[in-house]
Amino acid sequence: MSQTVDPVRLTADLVRCPSVTPEEAGTFAILVPILEAAGFECHRCDRGGVPNLYARKGPKGAARTLAFGGHVDVVPVGDEAEWSCDPFGAEIRDGVLYGRGATDMKSGVAAFVAAAVEAGQDLPPDTALSLLITGDEEGPGRDGTLAILDWMEQAGESMTACIVAEPSCPEIMGEMIKIGRRGSLNLVFTVKGVQGHVAYPHRAKNPVDGAAELAHRLATLRLDEGSEHFDPSTLALTGIDTGNLATNVIPGATAVRANIRFNDLHSGASLTERMRGIGDEVAQAHGLQITLKARISGESFFTPPGELSDIVARIVADETKVIPVLSTGGGTSDARFIRAHCPVVEFGLVGLTMHQTDERVDVQQIETLARVFTRIAREFVS
Ligand SMILES: [Zn+2]
């Protein structure tokens, strides 16, 4: 009974499902029979209209359980005319597979499914492999991996460590493993003044003046110099907006929007306080009213280098002939939820074309990734 899964074919099959967030669009109907035939127990943990799938082989609560995490949803195609192929056609040209989700991250899901089926054939006693697959990573993320984790807790499921198969390598396969991520904080300042005629500015209170100073203060702020494992935190202005198109009107209000990517020297709450303080100072100086709406979309996290990153780094180096860097850079992923449950690292393919038109992946890299995952799974539970 030696069942094997071709990770390239599986990637292509998944890409042909138009699973734009939060749809799974037939991907689970492909994955579940493969996993069940290989002896995995599959559970749907849908929540809030989001499809989620959990699968495990080996006993529940085993002494060692390695989990893989990923998503089958994809971002929208964008302007289809810009594509050189059908975005859901999974066309393979010169050894390169094209399609939305080819790198982010149906190839990652296909690679760990193939690896789990392979390594699951000879699991030692009291060990298990599990898979956490969501349909909502590219969306709000509230009912995706979080829903699976809630379900797991209720059902008494556990994991010793987890690998999230997001594309982690900037340009070369094998060059980067993510062991943490910066946090993300969204800020919307509303600067309120008094609307008026531009010819009589003394009768108005111009919020654009205050917004300009606020924006300048934010843009020139240095939050820190970086920490042992993280680069300096960054703040990016994302908008200054009055909605005012008239040339003779001083608007009544202006919005200043920004996003902060922060390291482990801050928390979302400490930064929110600091930003509110800056808003208050500018409000006072200009006699304006400034309110702040802040939303933390993830705290920073960090898995200290240890057993998990050692195994992953050694096998990645061996299979790709590239020594991977352990990094905490880049955007957020569902690893930010999983880290509350067990050590987690991210390793996957080259992310160069993710979310772009003509998203594509070198099919050889999918095969390499499946080999890497198979070896990691075998070694972790051995
Ligand atoms: Zn992704």
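Calculation rules
Residues numbered from 1 in each chain as written. Predicted model: local features only at pLDDT ≥ 70, side-chain atom pairs only at ≥ 80, totals over all residues. Heavy atoms only, no water. UniProt positions renumbered as here; feature names shortened; annotations may be inferred. Helix = DSSP H or I, 4+ residues; strand = E, 2+ residues; numbered from the N terminus. Polar contact = N/O pair within 3.5 Å; in protein donor to acceptor, adjacent residues only side chain to side chain. Contact = heavy atoms within 4.5 Å. Salt bridge = Lys/Arg side-chain N within 4 Å of Asp/Glu carboxyl O. Buried < 20%, exposed > 50% of the residue type's maximum accessible area, 1.4 Å probe, protein only. Phe/Tyr/Trp six-rings, centres within 6.5 Å; stacked < 30°, edge-to-face > 60°. Core = buried A, V, L, I, M, F, W, Y, C linked by side-chain atoms within 4.5 Å. Donors = N, O, S within 2.8 Å, 3.2 Å for Na, K, Ca; no water. Tetrahedral: all angles 85-135°; square planar, octahedral: opposite > 155°, others 65-115°. Pairing = 2+ DSSP bridges.

Per an unreviewed UniProt entry, the chain carries the name Succinyl-diaminopimelate desuccinylase and comes from Tropicimonas omnivorans. The chain has a UniProt comment under Catalytic activity (unreviewed entry) that states "N-succinyl-(2S,6S)-2,6-diaminopimelate + H2O = (2S,6S)-2,6-diaminopimelate + succinate". As its UniProt record puts it under Function (unreviewed entry), the chain is described as follows: "Catalyzes the hydrolysis of N-succinyl-L,L-diaminopimelic acid (SDAP), forming succinate and LL-2,6-diaminopimelate (DAP), an intermediate involved in the bacterial biosynthesis of lysine and meso-diaminopimelic acid, an essential component of bacterial cell walls."

Trainee: I would appreciate a short explanation of the side chain of T303 in the present structure.
Mentor: Tracing the chain through its elements places T303 in the loop between β16 (301-302) and α7 (307-320). At a separation of 3.0 Å, a polar atom in the side chain of T303 contacts the main-chain carbonyl oxygen of V344. Those residues in contact with T303, other than ones at most four positions away along the chain, are I179, P343 and V344.

Trainee: What am I meant to see in the pattern of salt bridges here?
Mentor: One side chain can pair with another of opposite charge once the charged atoms of both are near each other. A full pass over the atoms with the stated rule returns 20 salt bridges. One salt bridge connects R16 with D13, and the closest N-O pair in it is separated by 3.0 Å. For D13, a relative accessible area of 28% puts it in the partly exposed group. For E91, the salt bridge goes to R93, with nearest N and O atoms at 2.8 Å. A relative accessible area of 33% means that E91 is categorised as partly exposed. Connected through shared salt-bridge partners, D318, E319, R371 and R375 make up one network.

Trainee: Is there a simple way to think about the packing of aromatic side chains in this case?
Mentor: By the definition in use, this model includes four aromatic pairs. For the ring pair Y54 and W151, a centre distance of 5.4 Å and an interplane angle of 50° mean the geometry is tilted. Here W151 lies in helix α4 (residues 145-155) and Y54 lies in strand β2 (residues 52-57), a separation of 97 residues in the sequence. The class for Y54 is buried, based on a relative accessible area of 0%. Ring geometry for F68 and F112: centres 5.5 Å apart, planes at 15°, overall stacked.

Trainee: Explain the nonpolar core to me, please; I cannot follow it from the model alone.
Mentor: Across soluble globular proteins, nonpolar side chains have a tendency to be buried as a group. The biggest cluster of nonpolar side chains holds 64 residues, and the ones touching the most others in it are L31, L66, F112, V113, F347 and F373. Setting aside residues up to four positions removed in sequence, L31 forms contacts with L10, L14, L53, V72, V109, V113 and I133. Judged by nonpolar contacts, the second largest core, of 22 residues, contains V191, F262, L271 and V282.

Trainee: Whenever I open this one, the coordination of the zinc ion confuses me. Can you help?
Mentor: The expected angle between donors at a tetrahedral four-coordinate metal is 109.5 degrees. At an octahedral six-coordinate metal it is 90 or 180 degrees. Around the zinc ion, the protein contributes the donor atoms H71 (NE2), D104 (OD), E166 (OE) and E166 (OE), which lie 1.9 to 2.6 Å from the metal centre. Note that the zinc ion binds four donor atoms; their angles at the metal cover 53 to 144°, and the shape is irregular. Of note, the zinc ion draws all its donor residues from one chain, in the sequence arrangement H-x32-D-x61-E. Linking H71 in strand β3 (residues 64-71) with D104 in the loop between β5 (96-98) and α3 (106-119), this pair joins segments that are 33 residues apart in sequence. For the residue pair H71 and D104, the accessibility class agrees, reading buried in each case.

Trainee: Any chance you could explain the pairing of strand β10 (residues 183-192) here in plain terms?
Mentor: Looking along a regular strand, one sees the side chains alternate between the two faces of the sheet. In terms of strand pairing, β10 meets strand β14 (residues 253-262) through ten bridges, oriented antiparallel. What sits directly across from K192, in β14, is A253. Pairing between β10 and strand β15 (residues 289-298): nine bridges, direction antiparallel. Within the sheet, the bridge partner assigned to V191 lies in β15 and is I290.

Trainee: Please explain the UniProt feature "active site" (unreviewed entry) in the chain as it appears in this structure.
Mentor: Under the UniProt annotation, "active site" (unreviewed entry) lies at D73 and E137. These annotated residues cover 65 residues of sequence, but their C-alpha atoms sit close together, with the largest distance between any two at 6.8 Å. In this structure, D73 sits in the loop between β3 and β4 (92-93). Judged by its relative accessible area of 0%, D73 is buried.

Trainee: Could you clarify how one ought to interpret the pairing of strand β7 (residues 161-164) in this entry?
Mentor: In β7, alternate side chains face the same way, and those of A161 and I163 on one face and C162 and V164 on the other are all buried. Here three bridges tie β7 to strand β18 (residues 344-346), and the two strands are oriented parallel to one another. If you follow I163 over to β18, its bridge partner there is V345.

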